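Chain residues, written in single-letter form:
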Amino acid sequence: MEKWHLMTIVVLIGLTVRWTVSLNSYSGAGKPPMFGDYEAQRHWQEITFNLPIKQWYFNSSDNNLQYWGLDYPPLTAYHSLLCAYVAKFINPDWIALHTSRGYESQAHKLFMRTTVLIADLLIYIPAVVLYCCCLKEISTKKKVANALCILLYPGLILIDYGHFHLGFALWGVLGVSCDWDLLGSLAFCLAINYKQMELYHSLPFFCFLLGKCFKKGLKGKGFVLLIKLACTVVASFILCWLPFCTEREQTLQVLRRLFPVDRGLFEDKVANIWCSFSIFLKIKEILPHHFQIIISFCFTFLSLLPACVKLTLQPSSKGFRFTLVSCALSFFLFSFQVHEKSILLVSLPVCLVLSEIPFMSTWFLLVSTFSMLPLLLKDELLMPLVVTTIAFFIACATSFSIFEKTSEEELQLKSFSLSVRKYLPCFTFLSRIIQYLFLISVITMVLLTLITVTLDPPQKLPDLFSVLVCFVSCLHFLFFLVYFNIIIMWDSKSGRNQKKIN
Amino acid sequence: MAALGIAMGGGNWFSALALGVTLLKCLLIPTYHSTDFEVHRNWLAITHSLPVSQWYYEATSEWTLDYPPFFAWFEYALSHVAKYFDQEMLNVRNLNYSSSRTLLFQRFSVIFTDALFVYAVHECCKCIDGKKAGKELTEKPKFILSVLLLWNFGLLIVDHIHFQYNGFLFGLMLLSIARLFQKRHMEGAFLFAVLLHFKHIYLYVAPAYGVYLLRSYCFTANKPDGSIRWNSFSFVRVISLGLIVFLVSALSLGPFLALNQLPQVLSRLFPFKRGLCHAYWAPNFWALYNALDKVLSIIGLELKLLDPNKIPKASMTSGLVQQFQHTVLPSVTPLATLICTLIAILPSVFCLWFKPQGPRGFLRCLILCALSSFLFGWHVHEKAILLAVLPMSLLSVGKAGDASIFLILTTTGHYSLFPLLFTAPELPTKILLMLLFTTYSISSLKTLFSVPSFKKIKEKKDGRDLVLLLPVSLPKQGGRARTSRELPGRCTAFPA
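Given the structure is predicted, the values throughout are model-derived calculations rather than measurements. Sequence order sets the numbering: in each chain, residues are counted from 1 along the sequence as written. The lettering of chains begins at A and the numbering of ligands begins at 1, in the order of writing. Reporting in this predicted model follows two pLDDT cut-offs: at least 70 for local features of residues, and 80 or more for side-chain atom pairs to be given and counted; totals over whole chains, interfaces and linings ignore these cut-offs and use all residues. Note that the side-chain values use all heavy atoms of the structure and ignore hydrogens as well as water.

1. Re the overall build of chain B
To qualify as a helix, a DSSP run of H or I must reach at least 4 residues; to qualify as a strand, a run of E must reach at least 2; elements of each kind are numbered from the N terminus. The helix and strand tally for chain B stands at 20 helices and 0 strands. Looking at the 496 residues of chain B, the share that counts as buried comes to 56%. For this analysis, residues touch if any pair of their heavy atoms sits within 4.5 Å. In chain B, once contacts between residues fewer than 6 apart in sequence are set aside, the share between residues at least 24 apart is 78%. Relative accessibility decides the category of a residue: with a 1.4 Å probe and only protein chains considered, values under 20% of the type maximum give buried, values over 50% give exposed, and everything between is partly exposed.

2. Some remarks on the overall build of chain A
Helix and strand counts for chain A come out as 23 helices and 0 strands. Its C-alpha atoms give chain A principal-axis dimensions of about 70 × 65 × 60 Å. For chain A, the proportion of its 502 residues judged to be buried stands at 56%. Counting every atom, chain A has about 21600 Å² of accessible surface; 69% of that belongs to carbon and sulfur. Distance from the positive charge centre (42 side chains) to the negative charge centre (31 side chains) of chain A: 10 Å. The protein chains shown are the only cover counted for residues, whose accessible areas, like all others here, come from Shrake-Rupley with a 1.4 Å probe. Asp and Glu count as negative and Lys and Arg as positive, but His and the ends of the chain are not part of the count. A charged residue contributes its charge at one atom only: NZ of Lys, CZ of Arg, CG of Asp or CD of Glu.

3. Thoughts on the state of the cysteines
Such a bond, covalent and formed between the sulfur atoms of two cysteines, is termed a disulfide. All names here are of chain A. Only a pair of cysteine sulfur atoms within 2.5 Å counts as a disulfide in this structure description. Within this structure, the stated rule accounts for 0 disulfides over all chains. Cys 189 takes part in no disulfide bond, and the closest cysteine sulfur, belonging to Cys 240, lies 8.3 Å away. Given the relative accessible area of 4%, Cys 189 is considered buried. Exposure remark for Cys 240: the relative accessible area of 7% places this residue in the buried category.

4. What about the nonpolar core?
Residues grouped as a nonpolar core are buried Ala, Val, Leu, Ile, Met, Phe, Trp, Tyr and Cys residues, joined through side-chain atoms within 4.5 Å. The biggest cluster of nonpolar side chains holds 286 residues, and the ones touching the most others in it are B:Ile177 and B:Tyr202. Broken down by element, the residue count for this core peaks at 12 residues, all from helix α4 (residues 106-134) of chain A. Excluding anything up to four places from it in sequence, B:Tyr202 contacts B:Leu169, B:Phe170, B:Met173, B:Phe192, B:Leu195, B:Leu196 and B:Leu387. Residues A:Tyr38, A:Ala84, A:Ala87 and A:Met112 belong to the second largest nonpolar core, which totals 8 residues.

5. Thoughts on the pattern of salt bridges
All names here are of chain A. Every case where a carboxyl oxygen of Asp or Glu lies within 4 Å of a side-chain nitrogen of Lys or Arg is listed as a salt bridge. Taken as a whole, this structure holds 17 salt bridges over all chains when the rule is applied. In this structure, the salt-bridge partner of Asp 181 is Lys 212, at a minimum N-O distance of 2.9 Å. With Asp 181 in helix α8 (residues 181-194) and Lys 212 in helix α9 (residues 202-216), the pair connects residues that are 31 residues apart, well separated along the chain. By relative accessible area, Lys 212 is classed as buried at 11%.

6. Topic: unusual backbone geometry
Residue A:His98 is not a glycine yet carries a positive backbone phi of 70 degrees. Along the polypeptide, A:His98 turns up in the loop between α3 (74-90) and α4. Even without glycine at this site, B:Phe163 takes up a positive phi of about 85 degrees. One can find B:Phe163 in helix α7 (residues 153-163).

7. Considering the side chain of B:Ser61
Residues and elements named next belong to chain B. You can see Ser 61 is positioned in the loop between α3 (36-49) and α4 (69-82). The definition of a polar contact used here is a pair of N or O atoms within 3.5 Å, where within protein one atom must be able to donate a hydrogen and the other to accept one, and adjacent residues in sequence count solely through side-chain atom pairs. In terms of polar contacts, Ser 61 uses its side chain to reach the side chain of Asn 42, at 3.4 Å. At 3.1 Å, the side chain of Ser 61 and the backbone nitrogen of Trp 63 are in polar contact.

8. Let's talk about the interface of chain A and chain B
At the junction of the two partners, chain A supplies 30 residues and chain B supplies 33 residues. Taken together, both faces of the contact between chain A and chain B bury some 2900 Å²; the carbon and sulfur share is 82%. Applying the counting criterion to the chain A and chain B interface returns 0 salt bridges. Taken together, the connections running from chain A to chain B amount to 2 residue pairs in polar contact (both at pLDDT 80 or more). Accessible area, probed at 1.4 Å, shrinks when two parts are joined; the buried area is that loss added up over both.

9. Quick notes on the packing of aromatic side chains
All names here are of chain A. To pair, rings of Phe, Tyr and Trp, with the six-membered ring standing in for Trp, must have centres within 6.5 Å; the planes then decide the type, stacked if under 30 degrees apart, edge-to-face if over 60, and tilted in the middle. Counted by the stated rule, this structure contains 70 aromatic pairs over all chains. Ring geometry for Phe 301 and Phe 331: centres 6.2 Å apart, planes at 75 degrees, overall edge-to-face. Highlighted residues: Phe 301 in helix α14 (residues 289-313) and Phe 331 in helix α15 (residues 317-334), separated in sequence by 30 residues. Here Phe 301 falls in the partly exposed class, since its relative accessible area comes to 29%. Criterion for a charge above a ring: Arg CZ or Lys NZ at most 6 Å from the ring centre, at most 35 degrees from the ring normal. Directly above the aromatic system of Trp 4 lies the positively charged group of Lys 3, at a separation of 5.9 Å from the ring centroid.

10. Some thoughts on the UniProt feature "transmembrane region" (unreviewed entry) in chain B
All names here are of chain B. The feature "transmembrane region" (unreviewed entry), as given by UniProt, occupies residues 12-33, 104-122, 143-158, 188-214, 234-259, 335-355, 361-378 and 385-411 in the numbering adopted here. Taken end to end, residues 188-214 is 67% helix and 0% strand, and its two terminal C-alpha atoms sit 13 Å from one another. As annotated, residues 361-378 comprises 89% helix and 0% strand, and the C-alpha atoms at either end are separated by 27 Å. UniProt positions are given in the numbering used here, feature names are shortened, and annotations may be inferred rather than shown by experiment.

11. Comments concerning the environment of B:Asn260
Residues and elements named next belong to chain B. Its place among the elements puts Asn 260 in the loop between α11 (235-258) and α12 (262-269). Among the residues examined, Asn 260 registers a relative accessible area of 67% and is labelled exposed. Separated by 207 residues in the primary sequence, Asn 260 and Ser 53 place their C-alpha atoms 9.7 Å from one another.

12. Side note on a nonpolar patch on the surface
Residues and elements named next belong to chain B. A surface patch of nonpolar side chains, amounting to about 620 Å² of accessible area, comprises Leu 292, Val 295, Leu 296, Ile 299, Leu 303, Leu 305 and Val 328. On the secondary structure map, Leu 296 appears in helix α13 (residues 285-302). Looking at Leu 296, the relative accessible area reads 31%, which means it is partly exposed. Excluding any residue in a salt bridge, patches collect residues exceeding 30% relative accessible area, merging like charges within 9 Å and nonpolar Val, Leu, Ile, Met, Phe, Trp and Tyr side chains within 5 Å.

13. A word on helix α14 (residues 334-354) of chain B
All names here are of chain B. Take the residue count of a helix, subtract one, and multiply by 1.5 Å to get its expected span. Relative to the 30 Å expected for 21 residues at 1.5 Å per residue, α14 spans 30 Å between its end C-alpha atoms, a close match to the ideal helical length. Note on bend: the value at a residue is the angle between axes fitted to the seven residues ending there and to the seven starting there. The largest bend in α14 comes to about 40 degrees, at Leu 346, with the proline Pro 347 one to four residues further on. Taken together, the buried positions of α14 are Thr 337, Thr 341, Ala 344, Ile 345, Ser 348, Val 349 and Leu 352. Where α14 is buried, its residues touch α10 (206-218), α13 and α15 (358-376).

14. Some details on the environment of B:Leu262
Residue and element names in this part refer to chain B. Tracing the backbone shows Leu 262 in helix α12. Judged by relative accessible area, Leu 262 falls into the partly exposed class, the value being 23%. Leu 262 has contacts with Leu 253, Phe 256 and Leu 257, leaving out every residue within four places of it along the chain.

15. Some thoughts on the packing of helix α5 (residues 100-126) of chain B against helix α8 (residues 166-181) of chain B
Residues and elements named next belong to chain B. Only the stretch in contact is used when a helix axis is fitted, and all axes are lines through C-alpha atoms; the angle between N-to-C directions ranges over 0 to 180 degrees. Closest axis-to-axis distance for the α5/α8 pair is 7 Å, and the angle between their directions is 25 degrees. In terms of their interaxial angle, α5 and α8 are classed as roughly parallel. Crossing angle aside, the handedness with which α5 passes α8 is left-handed. Together, Thr 113, Asp 114, Leu 116, Phe 117, Tyr 119, Ala 120, Glu 123 and Cys 124 of α5 and Gly 167, Phe 168, Phe 170, Gly 171, Leu 172, Leu 174, Leu 175, Ala 178 and Arg 179 of α8 make up the contact between the two elements. Polar here means any residue other than Ala, Val, Leu, Ile, Met, Phe, Trp, Tyr, Cys and Pro, which are nonpolar, and Asp, Glu, Lys and Arg, which are charged; Gly is therefore polar. Its residues placed into classes, the contact of α5 with α8 shows 11 nonpolar, 3 polar and 3 charged. The scheme is simple: roughly parallel for angles under 35 degrees, roughly antiparallel for over 145, roughly perpendicular for 65 to 115, oblique for anything else. Each crossing is labelled by how the near helix is turned from the far one, with a counterclockwise turn of less than a right angle marking it left-handed and a clockwise turn marking it right-handed.

16. Observations concerning the confidence of the model for chain B
Residues and elements named next belong to chain B. Here pLDDT means the predictor's own confidence in every residue, given as a number from 0 to 100. Looking at chain B, the pLDDT average stands at 83 and 82% of residues meet or exceed 70. Across residues 451-467 the pLDDT falls below 50, and counting only partners more than four positions away or on other chains, this stretch makes 25 contacts in the model. Considering only residues more than four positions removed or in separate chains, one finds that residues 469-496, a stretch of pLDDT under 50, has 84 contacts. Scored as a complex, the prediction yields pTM 0.88 and ipTM 0.90.

17. A closer look at the packing of α4(B) against α5(B)
Residue and element names in this part refer to chain B. Between α4 and α5, the least distance of the axes is 11 Å, while the angle of their chain directions is 125 degrees. In this view, α4 runs oblique relative to α5, as classed from their interaxial angle. Crossing of α4 over α5 shows right-handed handedness. Across the interface between the two elements, Phe 74, Leu 78, Val 81 and Ala 82 from α4 touch Phe 105, Ser 109 and Thr 113 from α5. Considering only residue class, the contact of α4 with α5 consists of 5 nonpolar, 2 polar and no charged.

Structure representation (structure tokens):
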């Protein structure tokens, strides 16, 4: 069958799964007074439509920032405004100022879901398809299978808002890897201006592009490229922030909403170092506030420094993608005010390396879905979660034959093991250990899921199960952080000399 | 780990396909369901709470039991599992009861019973000759057939959204066809007899079975030129076939015969008072007939040829199931439809008798019987098109000509099922699934036969009958009266 027929079928499957999952309940359904993320999205449409731009980020009688105030950069606001115009055309009650709070109806749900589906269809899915088609040195069938697995990743299907920022980020990665540096950086700037969490990905982009400039020689072409990139970035930022650049107070207020430094190291339960550490030692209470920020800053940068330095000195497409993973993971583990959903920022780069290390990527993506379990159970998405996870697992297992690819070479750990074996000649059990770890990990995740679903937590420890889930996920993520860093640092010379993509 | 790898990767594409479609069915659980959901809940309640003697008399709900006894026993068996989900659904007085557990149980029961369909597809794949296929898995006829059957759009939306139990029934039919291909005629006959007592709509295709078994099984040999050899008639075979049918019928209808309820059962099974067309018109010949009658009556009124007072007030498109009369053209009686159907199936049945071509010929005759009954039958439901589409899939991977006909049949047939799901949330679902199936079927069959266009329809006598579908169904799509509320009158003469 021709490639485009197969791709169409894969895209249709992806869309069908997304739509049927979205028929389920949404976050905060029927739960006054605050409801959930769905209500936040609706509220932003209400605010951006009814109030002038100057008031969007400020607290006022019309705009109560405590009730889902805008805390994403301007592009999200513009997108909400666009949706609001469509909503006004269909039913103005949905976005009427004040009176539409907590509005819930079948028609409105359909509208919100449709906007999400269209956003995915226009931005995210074409990026995935184009990315898989641009992969080199693999057969057509494998490209299509790769696209299927990425589109079936449960995390992005179950979290019910549009993934514009991930779509733009993916276009950015595509552009930069294919040597369309200006377009790539433009797309990435748009992504940052959509959700500020994309800053997790910014360092690898910066280092990779800087490395490219160095490689081209700072006296000639490299310098030109550097100037062009700088101009593109500045221009795109100015374009997005234009209405807010006029007054200093406006800009500062937006920044304050985007980076709530007074909110503390973490909120709720998240599979992050600080949250897991606080099981044993309550850091939040012991250390002073500014000290917490400094510590998280230091740990984050220390953990991502080696990979970034290597990327600057030896820029390669493969290194770029792996550095995206490790940087995002470092930020997730050590940064402050991390949300559970931020794991999706790590999952996206891992999806990009699915074809290179299928076994470990599949494992990681399963763990990332598992780490969001408490959130998904709260939104009553158990059945879609189980179904999409099984579907994803089957798709990966059959497309990549992951269980046969657990040798050292397949896991890209050959050079590492060789170096270790210089000191410890008996270090030959790496792949066996990893296989056993995988088995234990899957069994633990399944057991924890069953326990969380069927049993009630004990009276004295009502959050026991969520904390356990977070702790187990955190251990996994630390393991993966080490693993990805090893791959980057021990990336052999033959890997460095490969052509642009792959 | 290696063993797991072999199990996952190796030759188990069939399990992956079956598992994949099962997962999709699980995702369809929260979708819209029609009144058929309440129908089956009511039957669970009737068979569970009431004694057998009351089953065909119970009429608290409007959805009375109108399937043959085997289906009633099937519901009875299901009800014993249902009581662990939600006891309340088994109360006959709980009309329109649909708690989340009830929904879960009913949906899962459909998904679970589809296992028989999966097995039947597996058996059908064994009957496919894949010698001329390419090396790649996705280009093998077996793979294509499995996808066309397991992921069939019509079956998915009728069973898992609209809600019915067609999966395992079609499983029985495909299994009996597979057995006939494998020359296990007695099993095939037995399975078909059982199927008839599950849902009597399959009487549409009974002539094909009857003629084929009589001609190709009871006459054990042919003359060299292929015509009938009268002295090879085997009484043993006839009697054993007759015995099978008799025993199955006895098992099914026996208890009701003993209770003297046979007339009541038959009146429930064949409710001829229900009118020529169902509430939603099936895209068949009578739909065109009705439309023509309407057009002629309008012209007649305009030209003052007809007296407005003499025209019956009942509208055919009001969505009510009732009897009505045509204004200009002669009214149609059940007998007339039967005669039309018989005339339509006569050519293929004659072919099957005089020039038998083995199981393939039987399959063609079966498809034509199904199509003829669909086109000319009394009170036909749209869903009956599946009776022709699913067996046609078996032929489609054999010859290029059959593939073209299959593509036309299946695309129009599936499109004609769209009005079944009229709610807004289901619109993207049905469009996406339809696109998925159509894209796959067209591209895979095209690759298999490398046919440049679909217009090469074979000039066989059988082919010409099938082309009749096209002009009948296409005008139908334009002039359908559609209302947004669920209409009464679910049942048909041969209940769909």
